[in-house]
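Notes for the structure review
Now for the letters of each chain:
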Amino acid sequence: MLTIDMNCDLGESYGVYSIGMDEEVLKFVTSANIACGFHAGDPRTMRKTVQLCLQNKVAIGAHPGLQDLQGFGRRNIDITPEEAYELVLYQMGALSAFVKAEGGRLHHVKPHGALYNMAAKNRPLADSIARAVYDFDNQLILYGLSASELVKAGEKIGLRCANEVFADRTYQDDATLTPRNQKKALIEDADEATLQVLSMIQQQKVKTVLGKEISIQAETICVHGDGLEALAFVKMIRKRLQEEGILIKSVK
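Description of the structure in this document. Just so it is clear, the structure is predicted and the values come from calculations on it, not from any experiment.

Applying the stated criterion across every chain yields a total of two aromatic pairs. When the ring centre of Tyr116 is taken as origin, the NZ or CZ atom of Lys110, which lies over that ring, is 5.7 Å away.

Shown next as C-alpha cells:
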C-alpha cells in the first residue's frame, strides 16, 4: 500500500495579525511545521499551535526561517553556514520548549522559505542545517525538497530524511521549485493540485512548467497554510488520496 504524509506550514500569525486557518487545517493533515518566531509566529502563537497539534494528534515540526518578518522569510539573505547552524539551533530550541511544556515530542524539522530553497542547492549551507538538527536531537526527521542537497546532507550525517513534494507549487526542469516571483509559480486550482499530487505519489513523476516530465520521490506533501485556498486544498487532496487507497500518516 502506498503511504504518504500530509504536512502544512502553520503557526504563522504574529501579534494582532492572523494568518491561515490553523484550527481547521489541522483536522486534515498528519504533520505540521510551526513557525519559530524569525519569519513569522510569536511565543503565544507557538504555544497555541503546539496545543492544537497535540489535540489533533498531528506530528509537530520546527519550521526555522531567516530573520525576516517583513519579507516573511522569503527573501534570500547572504548568511554563512555557521550563521545557518546557529539560527536553526536557536529556533528549534524555542519551539522545543513549548512542546516539552505541553507534554509533547518534537518530530521533525523543516526549514522555511528562502532558507529551504537556498539549502536545496547550497551544500555547505545544507550541511550546517543538517548538523544543527543532528546536534540538537539525532532522532528528529529532516524534511527537505525531494532529492535536494539538504536531503543528501541529512542522510550523510545520519538523519532520517523525508523527501518533500509540493501540492501548490510548480517545478523547474532541475526539480527545484519555480521561484515565487515568476509566473506560474503557484497552483491555485485544487483539481490541478490534486492531480499533481497523485502523479507524484503513484507515478513518481511531475510535469514541469516547461512541460517536461521528471522523476520525483514523494514521502511527504506540503500544502502552504498561508494561502486562502489551503483548507480547500487539504480537504480535496485528502479525500482523493483516500479514494485511491493511499494511506495517510506521519513519517516514521
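Here the narrative resumes.
The calculated volume of the largest pocket comes to roughly 530 Å³. Taken together, 24 residues line the largest pocket, and the ones lying closest to its centre are Gly113, Ala114, Asn117, Arg169 and Pro179. Here the element with the most residues in the lining of the largest pocket is helix α4 (residues 113–121); it accounts for seven residues. In the lining of the largest pocket, the residues fall into nine nonpolar, nine polar and six charged. Estimated volume of the second largest pocket: approximately 320 Å³. Looking at the lining of the second largest pocket, the elements that each hand over two or more residues are α7 (190–203) and β7 (205–207). Among the elements that take part in the lining of the second largest pocket, α7 stands out by supplying four residues, more than any other. By residue class, the composition of the lining of the second largest pocket is six nonpolar, four polar and five charged.

Moving on, we come to helix α6 (residues 149–157). Within α6, the full set of buried residues consists of Leu150, Val151, Ala153 and Gly154. Within α6, the buried residues cover an arc of 160° as seen down the axis, which keeps them to one side. Buried residues belonging to α6 abut α4, α5 (123–136), β5 (141–145) and β6 (160–166). A positive backbone phi angle near 110° is found at Gly158, which sits one or two residues after α6.

Glancing now at a nonpolar patch on the surface. Together, Tyr14, Val16, Tyr17 and Leu69 give the surface a local cluster of nonpolar side chains, amounting to about 470 Å² of exposed area. Structurally, Leu69 can be placed in the loop between β3 (59–63) and α3 (81–101).

About the cut-offs
- Numbering of residues starts from 1 in each chain and follows the order in which that chain's sequence is written.
- At least 70 in pLDDT is required for a residue's local features to be given in this predicted model, at least 80 for side-chain atom pairs to be given and counted, and no such filter applies to totals for whole chains, interfaces and linings, which use all residues.
- Remark: hydrogens and water are excluded; side-chain values derive from all non-hydrogen atoms of the structure.
- In this scheme Phe, Tyr and Trp rings, the latter by its six-membered ring, pair at centre separations within 6.5 Å, and the angle between planes marks the pair as stacked below 30 degrees, edge-to-face above 60, and tilted otherwise.
- By definition here, charges over rings are those cases where NZ of Lys or CZ of Arg is within 6 Å of the ring centre and within 35 degrees of the ring normal.
- Grid points spaced at 1 Å over the protein atoms alone were grouped into cavities, where a 1.4 Å probe fits but cannot get out, and pockets, open sets with protein on both sides within 12 Å along at least five of seven lines, with lining residues defined by an atom within 4 Å of a point.
- Grid points are joined across faces, edges and corners, and a volume is the space filled by probe spheres set on the points.
- Helix and strand assignments follow DSSP, with helices taken as H or I runs no shorter than four residues and strands as E runs no shorter than two, numbered in order from the N terminus.
- Note on residue classes: Ala, Val, Leu, Ile, Met, Phe, Trp, Tyr, Cys and Pro are nonpolar, Asp, Glu, Lys and Arg are charged, and everything else, Gly too, is polar.
- A 1.4 Å probe rolled over the protein chains alone gives each residue an accessible area, and that area as a share of the maximum for its type sets the label: buried under 20%, exposed over 50%, partly exposed in between.
- Taking the helix axis as origin, the arc is that swept by the directions to the C-beta atoms.
- Note on definitions: a residue-residue contact is assigned when non-hydrogen atoms from the two residues lie within 4.5 Å.
- Residues enter patches when their relative accessible area tops 30% and they take part in no salt bridge; the joining distance is 9 Å for like charges and 5 Å for the nonpolar side chains Val, Leu, Ile, Met, Phe, Trp and Tyr.
- The accessible surface values rely on the Shrake-Rupley method and a 1.4 Å probe; as for residues, cover is taken only from the protein chains in view.
- Any carboxyl oxygen of Asp or Glu that lies within 4 Å of a side-chain nitrogen of Lys or Arg is treated as forming a salt bridge with it.

Structural measurements only, silent on function.
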